[in-house]
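Chains, contacts and geometry: an overview
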Amino acid sequence: MNEIIFIGLSFFAITGAIAMLVYKNPMYSALGLLVSIMSVAGLFALLNATFLFMVQIIVYAGAIMTLILFLLMFLNIKEEHLPKEPKKFFLIGLGVLIMIPFNIVILKAVSNLPNANMSVVESSFGDIKPIGTLLYNDWILAFELISILLLVALVGSIVLAKRKKINKENS
Amino acid sequence: MISLTSYAFVSMILFSIGVIGVIARRNIFVIYMSIELMLNGVNLFLITFARYHFNMDPQIITIMVISIAAAEAAIFLSVIILLFRSKRSLDTDIFTTLTQGEK
């Protein structure tokens, strides 16, 4: 049963990613990315990371994708705003040729590792409580730095989006 | 039983498609989404190894990566708004604006 779920989820993840890569219209690209992200969230659940499954759906599929789709509608993108990409498929083929050796090296390295049982287990591994305990005990400095980073990003994006008005008032 | 290599295969494919998107496309939205896809591939790799070693530290690192991606989304998208307002285009060639000075 798990194998069928895995094959379906990975098929949708890769298909969504390829759809994101080849569509000209950024709206279709965003929807392909959404399919891919939801499938990756399903793979997280298959790997016993239940908390990360929820975080992936809420943050990526909820917040970031809403931001992207809202921005695409807000900018009212028309055909003449899109860049012309005459050599797109040639460059995609070139990228595939560049990435194949890299992939082979990594897959060879991973396949030499001893095999382990990766099935879903009935334990508290990956639940909210043990992850929270670990986060606030061992990773507290990283947590605080992340909160400062988010504050800086919040202020910075407001300043960037408001800059035109401030310039007009000054001049 | 699903092996470690098959999860690694899926995450490597996702990462590679992200890299190819950054190389091959000129639409700035698609480049941004390719970066998100690369982060997703790395996250999947981390979660796979968390399950493989039965250790939750990579899951914490994944939470950090997701929050950094959220911060990056806010900055990147506001920069896209600025560039689109001034140039009315989504072409990455508008980044040459830094070399041309004020117009």
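These numbers come from a predicted model, not from an experiment.

The next thing to look at is the interface of chain B and chain A. Each side of the interface is counted separately: chain B has 73 residues, and chain A has 86 residues. Counting the surface lost from both chain B and chain A, the interface buries some 7300 Å², and carbon and sulfur atoms represent 79% of this. Counting the surface chain B buries against chain A, the share from its top three residues, Arg-25, Met-33 and Arg-51 of chain B, is 10%. At the boundary of chain B with chain A, the tally comes to one salt bridge. A salt bridge links Arg-25 of chain B to Glu-85 of chain A; the shortest N-O distance between them is 3.0 Å. Run the count over chain B and chain A and you get ten residue pairs in polar contact (both at pLDDT 80 or more). If you tally residues by element for the side of chain B that touches chain A, the top one is helix 3 (residues 57-87) of chain B, at 24 residues.

On to the domain arrangement of chain A. For chain A, the assigned domains read domain 1 (1-79) and domain 2 (127-163). One C-alpha centre belongs to domain 1 of chain A, the other to domain 2 of chain A, and the line joining them spans 23 Å.

Attention now goes to the UniProt feature "transmembrane region" (unreviewed entry) in chain A. All names here are of chain A. According to UniProt, the feature "transmembrane region" (unreviewed entry) maps to residues 6-23, 30-51, 57-77, 89-110 and 139-161 in the numbering used here. Within residues 57-77, the helical portion is 90% and the strand portion 0%, while the C-alpha atoms at the span's ends are 27 Å from each other. Structurally, residues 89-110 comprises 100% helix and 0% strand, and the distance from its first C-alpha atom to its last is 30 Å.

Next up on the list: the packing of aromatic side chains. Any aromatic ring pair is given by two values, namely how distant the centres are and how the planes are angled relative to each other. If you walk through the whole model with that rule in mind, you get ten aromatic pairs over all chains. The interplanar angle of 70° and the centroid separation of 4.8 Å between the aromatic rings of Phe-6 of chain A and Tyr-7 of chain B together place this pair among those described as edge-to-face. On the criterion of chain membership, the pair formed by Phe-6 of chain A in helix 1 (residues 2-22) and Tyr-7 of chain B in helix 1 (residues 4-24) is interchain, its members lying in two chains. Each member of the pair Phe-6 of chain A and Tyr-7 of chain B is classed as buried. The interplanar angle of 20° and the centroid separation of 5.8 Å between the aromatic rings of Phe-70 of chain A and Phe-74 of chain A together place this pair among those described as stacked. With Phe-70 of chain A and Phe-74 of chain A both in helix 3 (residues 50-75), this residue pair falls four residues apart, about one helical turn. Cluster of aromatic residues (ring-pair linked, three or more members): Phe-45, Phe-49 and Tyr-52 of chain B.

Once that is clear, we can look at helix 1 of chain A. Between its first and last C-alpha atoms helix 1 of chain A spans 30 Å; for 21 residues at 1.5 Å apiece the expected length is 30 Å, and the two agree. Elements in contact with the buried residues of helix 1 of chain A: helix 2 (26-46) and helix 4 (88-111) of chain A together with helix 1 and helix 2 (28-53) of chain B.

Attention shifts here to the pattern of salt bridges. All names here are of chain B. Tallied over the entire structure, the rule returns two salt bridges over all chains. Close ionic contact of Asp-91 with Arg-26 constitutes a salt bridge, the shortest N to O distance being 2.7 Å. You can see Asp-91 sitting in the loop between helix 3 and helix 4 (97-100) and its partner Arg-26 sitting in the loop between helix 1 and helix 2, a full 65 residues away along the chain. A residue is classified by how much of its surface remains accessible, and Asp-91, at 12% relative accessible area, is buried. The class for Arg-26 is partly exposed, based on a relative accessible area of 27%.

Next up on the list: the nonpolar core. In terms of nonpolar packing, the biggest core is built from 71 residues, with Leu-43, Leu-52 and Ile-68 of chain A together with Tyr-7, Phe-29 and Met-33 of chain B touching the most fellow members. Residue assignment for this core shows that the elements contributing at least two residues are helix 1, helix 2, helix 3, helix 4 and helix 5 (128-137) of chain A together with helix 1, helix 2 and helix 3 of chain B. Residue assignment places this core across two domains, with domain 1 (1-79) and domain 2 (127-163) of chain A each supplying three or more.

This part covers the UniProt feature "transmembrane region" (unreviewed entry) in chain B. Under the local residue numbering, the UniProt record ascribes the feature "transmembrane region" (unreviewed entry) to residues 6-25, 37-54 and 60-84 of chain B. Across residues 6-25 of chain B, the secondary structure splits into 95% helix and 0% strand, with the terminal C-alpha atoms separated by 28 Å.

One polar contact links Asp-91 of chain B to Arg-26 of chain B, side chain to side chain, over a distance of 2.7 Å. Apart from residues no more than four positions distant in its own chain, Asp-91 of chain B is found in contact with Pro-83 of chain A together with Arg-26 of chain B.

We now examine unusual backbone geometry. A positive phi angle, close to 75°, is found at Asn-48 of chain A, a residue other than glycine. Assignment of secondary structure puts Asn-48 of chain A in the loop between helix 2 and helix 3. Of the residues examined, Asn-48 of chain A reaches a relative accessible area of 5% and is grouped as buried. In this model, Phe-54 of chain B sits at a positive phi of 50°, which is unusual for a non-glycine residue. Among the secondary structure elements, Phe-54 of chain B is positioned in the loop between helix 2 and helix 3. Overall, Phe-54 of chain B belongs to the partly exposed group, its relative accessible area being 45%.

Each value, and the rule that gives it
Residues numbered from 1 in each chain as written. Chains lettered and ligands numbered in written order. Predicted model: local features only at pLDDT ≥ 70, side-chain atom pairs only at ≥ 80, totals over all residues. Heavy atoms only, no water. Contact = heavy atoms within 4.5 Å. Buried area = accessible area lost by both parts, 1.4 Å probe. Salt bridge = Lys/Arg side-chain N within 4 Å of Asp/Glu carboxyl O. Polar contact = N/O pair within 3.5 Å; in protein donor to acceptor, adjacent residues only side chain to side chain. Helix = DSSP H or I, 4+ residues; strand = E, 2+ residues; numbered from the N terminus. Domains from an automatic or database assignment. UniProt positions renumbered as here; feature names shortened; annotations may be inferred. Phe/Tyr/Trp six-rings, centres within 6.5 Å; stacked < 30°, edge-to-face > 60°. Buried < 20%, exposed > 50% of the residue type's maximum accessible area, 1.4 Å probe, protein only. Expected span 1.5 Å × (residues − 1). Core = buried A, V, L, I, M, F, W, Y, C linked by side-chain atoms within 4.5 Å.

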